[in-house]
Amino acid sequence: MTSMYLFFALFLILIIIIITGVRIVPQSVQYVIERLGSYHATWGVGVHILIPFIDRISNKVSLKELVINFMPQPVITKDNITMSIDTVLFYQITDAFAYTYGVHNPLAAIENLTTTTLRNIIGDLELDETLTSRDIINNKMRANLDEATNTWGIKVLRVEVKNIVPPKDIQDTMEKQMRAERERREAILKAEGEKKSAILVAEGQKQAKILEAEAEKQAQILAAQAEKEATILKAEAAKEASIRTAEGEAQAILEVQTATAKGLELINKAMPSEQAITLKALEAFGAMANGQATKIIIPSDIQGIAGLTTSITEIMQNKHQKITKD
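First, a word on what this report is: a plain description of the structure on this page. (Residues numbered from 1 in each chain as written. Predicted model: local features only at pLDDT ≥ 70, side-chain atom pairs only at ≥ 80, totals over all residues. Heavy atoms only, no water.)

### Focus: the sheet that holds strand β2 (residues 29-35)
In space, the 3 strands of this open sheet follow the order β3-β2-β5, with antiparallel pairing throughout. Strand pairing shows two members of the sheet lacking a second neighbour, β3 (38-43) and β5 (55-62), which therefore form its edges. In this sheet, neighbouring strand axes are inclined to one another by 25° on average, regardless of whether the strands run parallel or antiparallel. Of the pairings in the sheet, the one linking β2 to β5 comprises 7 bridges and is antiparallel in character. Looking at β5, one finds that Ile33 is bridged to Ile57. (Pairing = 2+ DSSP bridges. Helix = DSSP H or I, 4+ residues; strand = E, 2+ residues; numbered from the N terminus. Axes fitted to C-alpha atoms, helices over the stretch in contact; angles between N-to-C directions.)

Here it is in structure tokens:
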């Protein structure tokens, strides 16, 4: 009975050992396995069996992209200006075996290598070039670090310079230069603005004068055309009035002559006697007496008046015949 309990205990211990020896490697991770102290295998994602007391996990390596933020490092430029620069390094482990056995403390090695590389690059640049050449510095550092860490199973993806801090006196000088540069640019922009404004004002005044001259010219042309048309209309009206006046006078003369002719015709048809003519002559003298004259001289010979009347009658008859012929 005791042997059965012992066998059951040993079997249970074996099961526990086997269960504890099962390892599951997650995604983007590799396990470096040593057997009896030497490298045995690199486990990828999946289920693996670790033999107790023989195998052990030497290192668990992440295959994800990793980031290291280095502290600011003092560097000296080509023109002997000391400044502080801090960098950020992005890298990825591509070979778990080389990363585990290639170098002791890879992160410290990368940090020291970054510092020396940065100092070498900055030592070939002056202050102004350093401040304006971040891309050049980043590319040179990435290329140098990637080449140096290739044997360690590390791939340097990017190197970024975060901050470049020059000395205080240099910062003050740079701020003064920047202030002077801003003031210079402001003065230039102000002068250019005033120049453009003056040009626009001059062009506006020029355009206004041109438009004013064109308007005055157009007004003069319209006034001249209106005056010309008014003169023509006045001349035509005067001409029409003269024509109408002449026609009226001619019509009046014609009507007077027609009335005179009709009167003579009626006289001729009546065939008045000499006594009647003498009587009408006396009536005419009487009408003349109704005027302003205070004295009337009557011919002594009434026959003379009759003869005068006869002569007038003949003259009127001759005139009537002439008008009729015309």
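### A look at the packing of helix α3 (residues 106-123) against helix α5 (residues 134-149)
Remark: α3 packs on α5, axes separated minimally by 10 Å, with the N-to-C direction vectors making an angle of 140°. In terms of orientation, α3 lies oblique with respect to α5. Between α3 and α5 lies a crossing of right-handed hand. Residues Ile110, Leu113, Thr114, Thr117, Leu118, Ile121 and Ile122 of α3 touch α5, and the partners they reach there are Ile137, Lys140, Met141, Asn144, Leu145, Ala148 and Thr149. Classifying every residue of the contact of α3 with α5 by side-chain character gives 9 nonpolar, 4 polar and 1 charged. (Parallel < 35°, antiparallel > 145°, perpendicular 65-115°, else oblique. Left-handed = near helix turned anticlockwise from the far one by under 90°. Contact = heavy atoms within 4.5 Å. Nonpolar A, V, L, I, M, F, W, Y, C, P; charged D, E, K, R; others polar.)

### Remarks on the packing of aromatic side chains
Working definition: an aromatic ring pair is given by the centre-to-centre distance plus the angle between the planes. Following the criterion strictly, the structure yields 3 aromatic pairs and no others. Between Phe97 and Tyr101, the ring centres sit 5.1 Å apart and the planes meet at 45°, which makes this aromatic pair tilted. Placement of both Phe97 and Tyr101 in helix α2 (residues 96-101) is noted, with a separation of 4 residues, approximately one turn of the helix. Given the relative accessible area of 36%, Tyr101 is considered partly exposed. The structure contains a cluster of three or more aromatic residues connected by ring pairs, namely Tyr39, Phe97 and Tyr101. (Phe/Tyr/Trp six-rings, centres within 6.5 Å; stacked < 30°, edge-to-face > 60°. Buried < 20%, exposed > 50% of the residue type's maximum accessible area, 1.4 Å probe, protein only.)

### Observations concerning the side chain of Glu34
Secondary-structure assignment places Glu34 in strand β2. Given the relative accessible area of 8%, Glu34 is considered buried. Residues within four places of Glu34 in sequence aside, it is in contact with Tyr39, His40, Ile54, Asp55, Arg56, Ser58 and Tyr101.

### Observations concerning a nonpolar patch on the surface
Taken together, the side chains of Phe7, Phe11, Leu14, Ile15, Ile18 and Ile19 make up a nonpolar region of the molecular surface, amounting to roughly 600 Å² of accessible area. Looking at the element boundaries, Phe11 is found in helix α1 (residues 2-20). (Patch = residues over 30% accessible without salt bridge, like charges linked within 9 Å, V, L, I, M, F, W, Y side chains within 5 Å. Areas by Shrake-Rupley, 256 points an atom, 1.4 Å probe, with all protein chains shown as cover. Salt bridge = Lys/Arg side-chain N within 4 Å of Asp/Glu carboxyl O.)

### Focus: the nonpolar core
Formed by 31 residues in total, the largest nonpolar core has its most connected members in Ile85, Leu89, Ile110, Leu118 and Ile137. Looking at this core, the elements with two or more residues in it are β8 (82-93), α2, α3, α5 and β9 (154-165). When near neighbours in sequence (up to four residues on either side) are disregarded, Leu118 contacts Val75, Ile85, Thr87, Ile137 and Met141. One finds Val25, Val29, Trp43 and Leu50 within the second-largest nonpolar core, a separate group that totals 7 residues. (Core = buried A, V, L, I, M, F, W, Y, C linked by side-chain atoms within 4.5 Å.)

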